[in-house]
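# Observations on chain architecture
Residue strings, one per chain:
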Amino acid sequence: MTVDLLLGLQWGDEGKGKIVDVLTSKYDIIARFQGGPNAGHTLEFDGIKHVLRTIPSGIFHANSVNIIGNGVVMDPVVFQKELEGLEKFNMDVKSKLLISRKAHLILPTHRLLDAASEASKGKAKIGSTLKGIGPTYMDKTGRNGIRIGDIELADFKERYRSLADKHEAMISFYDVDLQYDLKELEDEFFASIEVLKTLTFIDSEEYLNQAIKAGKSILCEGAQGSLLDIDFGTYPFVTSSNTTAAGACTGLGIAPNKVKEVFGIFKAYTTRVGSGPFPTELFDEDGQTMARVGNEFGSVTGRARRCGWLDLVALKYAVQVNGVTALYMMKGDVLSGFKTLKICTAYRYKGEKISHFPYNIEPENVEPIYQEMKGWQADLTGMTSYNELPQELKTYIEFIEKELEVPIKVVSVGPDRKQTILR
Ligand code: GDP
Ligand code: IMO
Ligand code: MG
């Protein structure tokens, strides 16, 4: 029996999907614990590239069960498209995908509320993916939400109507010009609910705890990243769930003392999509090179990701909040060709040098202090063993693990499943 967690340590898009796929063969169950279709988890193998949104990244393996946990928010319309996208792979998705009755439903009006809220914020907008995530979690904590299990109730449509009507009144409260045809959105929604009903709904906390008792191994898959956590992220420029380790316990009903390893995934540099502070952000040619070589465009919205140097102050904070036991460094290949690399090891905060992640990290408060490192020129993408890696990269890796006091166990050198070096 083992329960391990895998989560992102930065602002999302660290490469979680790829690593879950790589690790799945070691686990009986892959369980997503929070977030929703704001996530885009990319998997590449056999020349195929696939982006998953709410479906766990273990779905391509024949023998693993995939669970969408109670902490997830599901949009049936997006989910239907996800299922359709998997049809060409000729897998029996329905027999190995189980959905928690306690997961909350994203209604079309949640998406509209997200759009209205963002439009009303003007320049202060969060840069949300506009998938209805914030409004759905608001209804969850406000105790107004509709859950997957409610679909099975006789009065599901009345519950829907009552909440959607309330949302319409809320939308009119915003002073924004939002054009929409609710009838059309509802037809699409109810058609996708029929598709959703063909899947198996379970009491997932019971299922998972019985699985633990039976000695099964479980990998819990996080979405977003620790710096987007509702409590510990760069609030208010965050998502609306706990993306950190604690979120796996609340999002699946697994007790903390059952969790063994916490795998923390990070890019060898930093990216962020959407608004909010980013101390090591680059506005020069180096940042443009990272964006170009790393193909840094959002897998959900296609927006350009902001790029910058690795920030060890932020990473140390994420390692601490999550109790990370092993680090996975992604996209090392993107840094090939830089003459000099920089790593942020401390902040100048209101004139003082600090090494912890403070309350205010806006540019007027924080200035990164860098350690310069020698870059490497070799192309890493065909390398298959740690020994082959250039010495400068090994020095980069050893520096990071010494600072973070956690070993880097995997170095990823390309998007494909095979481009993964175990140490
Ligand atoms: P996730 O949300 O954490 O699953 O990450 P995304 O899929 O949104 O973004 C990661 C992107 O980087 C995807 O396009 C991956 O295919 C790609 N990727 C993952 N690992 C590597 C790597 O080691 N090198 C390169 N060049 N690309 C990678
Ligand atoms: P994965 O799982 C990167 C960002 C959005 C925005 C903020 C709030 O693929 O790593 P939301 O739609 O949640 O209201 O957006 O969070 N964001 C992500 N950034 N990767 C993600 O997921 C993200 N999910 C949300 O860009 O800044
Ligand atoms: Mg992503």
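Residues numbered from 1 in each chain as written. Chains lettered and ligands numbered in written order. Predicted model: local features only at pLDDT ≥ 70, side-chain atom pairs only at ≥ 80, totals over all residues. Heavy atoms only, no water.

## A word on the coordination of the magnesium ion (ligand 3)
The protein atoms donating to the magnesium ion (ligand 3) are Asp 13 (OD) and Gly 40 (O), with metal-donor distances spanning 2.0 to 2.2 Å. With Asp 13 in the loop between β1 (2–8) and α1 (16–23) and Gly 40 in the loop between β2 (29–32) and β3 (41–45), this residue pair connects regions lying 27 residues apart in the sequence. Looking at Asp 13, the relative accessible area reads 22%, which means it is partly exposed. Gly 40 gets classed as buried once you look at its relative accessible area, which sits at 8%. (Donors = N, O, S within 2.8 Å, 3.2 Å for Na, K, Ca; no water. Helix = DSSP H or I, 4+ residues; strand = E, 2+ residues; numbered from the N terminus. Buried < 20%, exposed > 50% of the residue type's maximum accessible area, 1.4 Å probe, protein only.)

## Things to note about the sheet that holds strand β7 (residues 97–100)
By definition, the strands of a sheet pair up through backbone hydrogen bonds, in either a parallel or an antiparallel sense. Reading across from one edge, β9-β7-β5-β2-β10-β1-β11-β15-β19-β20 is the order of the 10 strands in this open sheet, with mixed pairing throughout. With one partner strand each, in any of the chains shown, β9 (200–202) and β20 (420–422) form the two edges of the open sheet. Between one strand and the next, the sheet's axes are offset by a mean angle of 25°, whatever the strand orientation. For β7 and β9, the ladder comprises 3 bridges, and the chain directions are parallel. Paired with Leu 98 across the two strands is Thr 200, which belongs to β9. Across the face of the sheet, helix α7 (residues 204–213) comes into contact with β1, β2, β5 (65–68), β7, β9 and β10 (217–221) while running at roughly 145° to β5. (Pairing = 2+ DSSP bridges. Axes fitted to C-alpha atoms, helices over the stretch in contact; angles between N-to-C directions. Contact = heavy atoms within 4.5 Å.)

## Digging into the packing of aromatic side chains
By the definition in use, this model includes 13 aromatic pairs. Summarising the aromatic geometry, the rings of Trp 376 and Tyr 396 are spaced 5.7 Å apart at their centres and angled 70° between planes, so their arrangement reads as edge-to-face. Of this pair, Trp 376 sits in the loop between β18 (366–374) and α11 (391–404) while Tyr 396 sits in helix α11, and the two are 20 residues apart along the sequence. Like Tyr 396, Trp 376 is buried. Through successive ring pairs, a cluster of aromatic residues spans Phe 156, Tyr 160, Phe 189 and Phe 190. Across the ring face of Phe 190, the terminal group of Lys 157 is positioned such that the distance to the ring centre comes to 5.0 Å. Sitting above the plane of the Phe 45 ring, Arg 417 keeps its charged end 3.9 Å from the centroid. (Phe/Tyr/Trp six-rings, centres within 6.5 Å; stacked < 30°, edge-to-face > 60°. Lys NZ or Arg CZ within 6 Å of the ring centre and 35° of its normal.)

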